[in-house]
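Residues per chain, in single letters:
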Amino acid sequence: QQPVQSPQAVILREGEDAVINCSSSKALYSVHWYRQKHGEAPVFLMILLKGGEQKGHDKISASFNEKKQQSSLYLTASQLSYSGTYFCGTESSGGSNYKLTFGKGTLLTVNP
Amino acid sequence: DGGITQSPKYLFRKEGQNVTLSCEQNLNHDAMYWYRQDPGQGLRLIYYSQIVNDFQKGDIAEGYSVSREKKESFPLTVTSAQKNPTAFYLCASSIRGDNYNEQFFGPGTRLTVL
C-alpha cells in the first residue's frame, strides 16, 4: 500500500514555510524523501531511520514518528528553487528484501 | 563522471510490440530499480535487483521482464502483455539494497505506445 501524502498541493510565496506529511498504515523502518522537478529525475533529500538516525541535506529538516507511522518534511524560508513535487518513500519490511513504496507526491509551488 | 544513463529519452512503439529500455550505471552500485511514473500516481516499483544475477518483482511486475547479467546494466522489457505501457520509466541505483542508502535516479525514458 502506498503511503498517503498531504497536502496534495501547496502554493507559497518566497520566504514562507511549509510542512509536507507522509503517513503509512504499516510499521515503518525508514522513510526517504525526494524532490522531482518537472520532466527531471527525482533527487534525494533525506533518509530517516527507525531509532532516530537521519541522513541528508543540512538545509532540509524532517521528523519521523515511529509510533504514529508518520513522517513530516519541513521547508522553511522557501526559495523559488524549492518548487517541485515531493515524494516520500517508505520501507516496511525491515528485512533483507529491501524496497521503497512511494506516495503519490505533493506539488509545491513557490512564487516570487 | 559517474551516473545513470537511460536511453532513449523518448520511445515510440506500436501496440503489440515488445520494447527494451536501457539502464546503465557506472557508480559501482550493487542495487538497481525500475519504477513507472504516471500522472498523479507517484513512483511505482516494477522490478528490483540487489545483486548481479538476482532480481525480485515489485508492486506492478505483470507485463514486464528484466535481467541483471552485469552489475552496471539492468534492462527492462515491456512486453505486449502489459495492458497500458505508455508511461515515464525511471531507473535508479543505490550502493547497497538497504534502507540507509539513497537511490540515484536516471533521467528517464518516456514510452508512448501507439
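Since this is a predicted model, take the numbers as computed values, not measurements. (Residues numbered from 1 in each chain as written. Chains lettered and ligands numbered in written order. Predicted model: local features only at pLDDT ≥ 70, side-chain atom pairs only at ≥ 80, totals over all residues. Heavy atoms only, no water.)

> When you look at the overall build of chain B in this model, what are you seeing that I'm missing?
Each helix and strand counted, chain B has zero helices and 11 strands in total. Moving toward the C terminus, one meets the helices and strands of chain B in the order β-β-β-β-β-β-β-β-β-β-β. Rg of the C-alpha trace for chain B: 13 Å, near the compact-globule value of 13 Å for 114 residues, within the 12% margin. Each of the three principal axes of chain B carries a C-alpha extent, and together these read 40 × 30 × 30 Å. The burial tally for chain B puts 47% of its 114 residues in the buried class. Put simply, of all contacts in chain B between residues at least 6 apart along the chain, 52% involve residues at least 24 apart. About 5500 Å² of surface is accessible on chain B, with carbon and sulfur atoms providing 47% of the total. Charged side chains in chain B number 12 positive and 12 negative. The centres of these two groups are separated by 7 Å. (Helix = DSSP H or I, 4+ residues; strand = E, 2+ residues; numbered from the N terminus. Rg over C-alpha atoms; globule rule 2.2 N^0.38 Å. Buried < 20%, exposed > 50% of the residue type's maximum accessible area, 1.4 Å probe, protein only. Contact = heavy atoms within 4.5 Å. Areas by Shrake-Rupley, 256 points an atom, 1.4 Å probe, with all protein chains shown as cover. Lys, Arg positive; Asp, Glu negative; His and termini not counted. Charge placed at Lys NZ, Arg CZ, Asp CG, Glu CD.)

> I keep staring at unusual backbone geometry and nothing clicks. Help me out?
Glycine aside, residues mostly have negative phi angles, and peptide bonds mostly take the trans form. Cis geometry is found at the peptide bond from Ser6(A) to Pro7(A), where omega equals -5 degrees. On the secondary structure map, Pro7(A) appears in the loop between β1 (4-6) and β2 (9-13). The step from Ser7(B) to Pro8(B) runs through a cis peptide bond, and the omega angle for that step is -10 degrees. The phi dihedral of Asn28(B) is positive, around 60 degrees, even though this residue is not glycine. One can find Asn28(B) in the loop between β3 (19-25) and β4 (31-38). Of note, the phi angle at Asn53(B) is positive, near 65 degrees, even though the residue is not glycine. By the secondary structure assignment, Asn53(B) is in the loop between β5 (42-51) and β6 (54-57).

> What exactly am I supposed to notice about the sheet that holds strand β3 (residues 18-23) of chain A here?
Strand pairing within a sheet occurs via backbone hydrogen bonds; the two strands may be parallel or antiparallel. Residue and element names in this part refer to chain A. Within the open sheet, the four strands sit side by side as β1-β3-β8-β7. Their pairing is antiparallel. In this open sheet, the two edge strands, each paired with only one partner strand, are β1 and β7 (61-65). Pairwise comparison of adjacent strand axes, ignoring direction, gives a mean angle of 15 degrees for this sheet. As paired elements, β3 and strand β8 (residues 70-75) share six bridges and run antiparallel to each other. In the sheet register, Val 19 faces β8, and the bridge partner there is Tyr 74. (Pairing = 2+ DSSP bridges. Axes fitted to C-alpha atoms, helices over the stretch in contact; angles between N-to-C directions.)

> Where do I start with the pattern of salt bridges in this structure?
In a structure, side chains of opposite charge can pair up when their charged atoms sit close to one another. Residue and element names in this part refer to chain B. In total, this model carries six salt bridges over all chains according to the counting rule given. The closest approach of N and O atoms between Asp 38 and Arg 36, which form a salt bridge, is 2.7 Å. Arg 36 shares its class with Asp 38; the two are buried. A salt bridge links Asp 38 to Arg 44; the nearest nitrogen and oxygen atoms lie 2.8 Å apart. Of the residues examined, Arg 44 reaches a relative accessible area of 25% and is grouped as partly exposed. Taken together, the shared-partner salt bridges connect Arg 36, Asp 38 and Arg 44 into one network. (Salt bridge = Lys/Arg side-chain N within 4 Å of Asp/Glu carboxyl O.)

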